[in-house]
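Coordinate inspection notes
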Amino acid sequence: MTLLLTLDDGSIQRKLAEAVDLARAAVLEDAGAEQVGAHVGVDREDAVSASHLFEATVSGYRGWRWSVTVALAGEEEPITVSEVVLIPGPEARVAPAWVPWDRRVQAGDLGVGDIFPVEKDDPRLAPAYLESDDPAVEAVAKETGLGRVHVLSRHGRLDAAARWHSGEFGPRSDMARSAPDVCGSCGFFVPLAGSLSAAFGACTNDISPADGHVVDVEYGCGAHSEIEVEVTSSVPVAELVYDDSLIDFEPAPETPAEPEPEPAEATVVDESEAPVAETPETAEVQPEVEPETAAVQTSETADEAQVEAESASEH
């Protein structure tokens, strides 16, 4: 065997790959012709063995294959059949990997009346009488007779912290990313006791989606106690508003244009035919006028008197 592994130049693997008929005969003897399909390939196992694969036409095993392992013990030895087995192919439906029952239980699976005991050496728990780096746990450890049998160990605290930090109420959740502030500055945040108080607490706001849950100090929601929102009207209102939707409009009447005055024609008066003006017996009382107006009227009256005197002397 050592000689084969050392001096093999590939001839052994060629012989094993060419043993298709030998492999088919072995699977036909084991399964029958109606359950064996075409040859689909060869897988190398090691330096002196290989497995021939055939399609399996077995009812209920769609996508499975027959695997026939052949081997060569020496250069002068014949090829022999080691085993014939049915194995799943790349498209075969197989059962999921085996998981112990105590590891199959997930969060939310525990119902009313269900009992789920912890392991004897659960690393998340520690005896209560041991010294701890958590002051709250240390206080419990001193409760003689009335204390708890087990308390949360350092491993258990770190495991819970990692789970809460990456969970629904951690800083990476969608709610926290869109929040205006974090829980660490909220008045509804109640810190936990012990070493977990630096990073976690409980929410007591009934409006918050985290009410009654353990939240990270960097978690946040829209119900933060210090949020102040300026309440204003969503519709802008002007100081003076004209509602012209109900006003009736009527066109104003057109004003006719005034005609331009025609120029007056000059009239020639024959002074011989003009009537003689009679001198008034009684002087009319003129109303008081302003000095400028009175001066103009006096000048006009003098001119008229002179004209009448000249007309009388000609006659």
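Below is a short write-up of the structure.

1. Looking at the nonpolar core
Leu16, Val27, Val36, Phe54, Ala56, Trp66 and Val68 are the most contacted members of the largest nonpolar core, which has 17 residues in total. Every element with two or more residues in this core is listed here: helix H2 (11-17), helix H3 (20-31), strand S2 (49-56) and strand S3 (64-72). A total of five residues in this core trace back to one element, the largest contributor, which is S3. Not counting the four nearest positions on each side in its chain, Phe54 is found in contact with Val20, Ala23, Arg24, Val27, Val36, Gly37, Ala38, His39, Val40, Arg65, Trp66 and Val68. Counting residues in hydrophobic clusters, the runner-up holds nine residues, among them Phe169, Ala176, Phe189 and Tyr219.

2. Points about the packing of aromatic side chains
Two descriptors summarise a pair of aromatic rings, namely the distance from one centre to the other and the angle between the planes of the rings. Applying the stated criterion to the full structure yields three aromatic pairs. Measuring from ring centre to ring centre gives 5.3 Å for Trp164 and Phe200, while their planes differ by 75 degrees; the resulting arrangement is edge-to-face. Residue Trp164 is found in helix H6 (residues 154-165), and its partner Phe200 is found in strand S8 (residues 200-203); the two are separated by 36 residues along the sequence. Ring centres of Phe169 and Tyr219 lie 5.6 Å apart, and the angle between their planes is 85 degrees; this geometry places the pair in the edge-to-face category. Taken together, the positions of Phe169 in the loop between H6 and helix H7 (174-177) and Tyr219 in the loop between strand S9 (214-216) and helix H8 (291-314) put the pair 50 residues apart, joining distant regions of the chain.

Quick notes on the rules
The numbers attached to residues start from 1 for each chain and follow its sequence in the written order. With pLDDT at 70 or above as the cut-off, local features in this predicted model cover only qualifying residues; side-chain atom pairs require 80 or more to be listed or tallied, and sums for whole chains, interfaces and linings still use all residues. Only heavy atoms go into the side-chain values, all of them from the structure, while hydrogens and water stay out. Side-chain atoms within 4.5 Å are what join buried Ala, Val, Leu, Ile, Met, Phe, Trp, Tyr and Cys residues into a set we call a nonpolar core. In this scheme, a residue with accessible area under 20% of its type's maximum is buried, one over 50% is exposed, and one in between is partly exposed, where area comes from a 1.4 Å probe on protein chains only. Helix and strand labels come from DSSP, where a helix needs a run of H or I of at least four residues and a strand needs a run of E of at least two; each type is numbered from the N terminus. We call two residues contacting when some pair of their heavy atoms lies within 4.5 Å. Put simply, two rings from Phe, Tyr or Trp (the six-membered ring, in Trp's case) pair if the centres are within 6.5 Å, and we call them stacked under 30 degrees between planes, edge-to-face over 60, tilted for the rest.

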